[in-house]
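Next come the chains, spelled out residue by residue.
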Amino acid sequence: LLVASLAACSDGSKTGEQIAYDIQGTWNEGAGQWVRLISEKSPQAVDSVQVGDDKQFHLQGHLDYAQKATLLFGKQGADYKERRAQAVILDGTPVKLTVEHEEGNPFNPSGIKTKVEGSPEQTLLDQQFSIELMNMFIELGEGTAKDEESKARARKSRKDFNKTLFALIDSARNCRTITYLISDFMVPRYPIKTIDSLYNTLGDNVKQSQLGRDLADKIARLKAVNIGAQAPDFTLPTVDGGEFHLSDLRGKVVLLDFWASWCGPCRGELPNVKKIYEKHHADGLEVVGISLDNDRDKWLKAIEEEQLPWIQVSSLKAFDCAVAKQYSVQAIPRMFILDRDGKIIDLDLRGEKLAQRMDEIFAK
């Protein structure tokens, strides 16, 4: 995963300055097709070009700041799912692409293969996929480890992975693209103290960039819903159309469980939560299931199938739920434990660790 030193990452534009982009490419067999540019802040194309008869295309323009953008390849008006998407870093360095057709690859249903040449920032962005893939295999090993030997191997794999990951971040502390790795990959998986510490090691040019400021804002929001913070109050609709207010449970120990009917790990954790609820509900435990579904029928069906006895609420807006954003929920399941005064005392526990923590709370 590690590349050679990434200290060569450019400083790029200063805060508030526009960044120029220059994207040139060759699309074999692509004459007449379209290439569209999607910026980070808008789902609509900010630029587009039709591939010429010479198979060439060229996009030039300006964006508000250096960022990760997306190129879409396909026919005009084609549905997004029918296109090939390619992430590119636009930081003032010209980007060159080669687009080819690829048949028979079940992992690439679009039939389009892309190769990107850009700045060292682009190299770092490409590495993020490798990191996510490696982490997926490590999580698989951790989840299937049963005996002590396999558990020891899983722990070593995780330790080696973390060593490589932190070394990569250290080598790329002057690269703005490292903010994506921290924000998208690390924030949902690592403690806020670790995230905050990594942010503090970044170069001033990164911190002062738009991406650096966005990361700082995210860290601030995470701290607001971390251990020791007062849980923000909220109101959400219940299954019967009423309104639930978190503040109504003051005086109870509360487990906030962000989940969804379509989330396999969420539903896999529900039997454990049910045991905990049955054990401690009489002692003052309340569980609040906050669903990130967007289909009411599927949400209600899952509640019935799982026979969930606790409070269920949802805005039915998936991850656009205001409460999910308020609690910085980027992945589910996500759980928060609140004490009787509404303060967050633990989070992101599952399985035996969650059960043990609840036993500790009610043993006091």
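Relevant structure appears above.
Conventions used here
- Residues numbered from 1 in each chain as written.
- Predicted model: local features only at pLDDT ≥ 70, side-chain atom pairs only at ≥ 80, totals over all residues.
- Heavy atoms only, no water.
- Helix = DSSP H or I, 4+ residues; strand = E, 2+ residues; numbered from the N terminus.
- Buried < 20%, exposed > 50% of the residue type's maximum accessible area, 1.4 Å probe, protein only.
- Contact = heavy atoms within 4.5 Å.
- Pairing = 2+ DSSP bridges.
- Axes fitted to C-alpha atoms, helices over the stretch in contact; angles between N-to-C directions.
- Salt bridge = Lys/Arg side-chain N within 4 Å of Asp/Glu carboxyl O.
- Disulfide = S-S within 2.5 Å.

Participant: Explain the side chain of S328 to me, using residue names and the numbers behind them.
Facilitator: Turning to its location among the elements, S328 is positioned in the loop between helix 9 (322-326) and strand 14 (334-338). Classification of S328 as buried rests on a relative accessible area of 13%. Apart from the residues within four sequence positions on either side, S328 is in contact with R221, L222, V225 and R334.

Participant: Describe in detail the sheet that holds strand 5 (residues 67-74), supporting the description with residues and values.
Facilitator: Strands belonging to one sheet form pairs held by backbone hydrogen bonds; the direction of such a pair is parallel or antiparallel. Here four strands make up an open sheet; going across it, the order is 3-2-5-6 and the pairing antiparallel. Whereas interior strands pair on both sides, the edge strands pair on one side only; in this sheet they are strand 3 (45-50) and strand 6 (84-90). Taking the axes of each pair of neighbouring strands and ignoring which way they run, one obtains an average angle of 25° across the sheet. Direction of pairing for strand 2 (residues 34-38) relative to strand 5: antiparallel, over a ladder of five bridges.

Participant: Please provide a residue-by-residue account of the pattern of salt bridges, values included.
Facilitator: Enumeration over the complete set of coordinates arrives at 15 salt bridges. E149 is the salt-bridge partner of R153, the closest N and O atoms lying 3.3 Å from each other. Of the two residues, R153 and E149 both sit in helix 2 (residues 148-171), four residues apart, roughly one turn of that helix. The class for E149 is exposed, based on a relative accessible area of 58%. In this structure, the salt-bridge partner of K279 is D359, at a minimum N-O distance of 3.1 Å. Of this pair, K279 sits in helix 7 (residues 264-280) while D359 sits in helix 10 (residues 351-363), and the two are 80 residues apart along the sequence. Each member of the salt-bridge network shares a partner with another, and the members are R267, K301, E305 and E306.

Participant: A description of the state of the cysteines should follow, citing residues and the corresponding values.
Facilitator: With the rule as written, the count across this model stands at one disulfide. Covalent S-S linkage joins C263 and C266, the inter-sulfur distance amounting to 2.3 Å. Because the torsion about its S-S bond is 75°, the bridge between C263 and C266 counts as right-handed. Each member of the pair, C263 as well as C266, is classed as buried. Of the cysteine sulfurs around C321, a residue in no disulfide, the closest is that of C266, at 14 Å.

Participant: Can you tell me about the sheet that holds strand 14, naming the residues and giving the values?
Facilitator: With mixed pairing, the five strands of this open sheet are ordered in space as 13-12-11-14-15. The outermost strands of the open sheet, each flanked by one partner alone, are strand 13 (311-314) and strand 15 (344-347). Adjacent strand axes in the sheet meet at a mean angle of 20° when their direction is disregarded. Note: strand 11 (residues 253-259) against strand 14, five bridges, orientation antiparallel.

None of this, on its own, says anything about what the molecule does.
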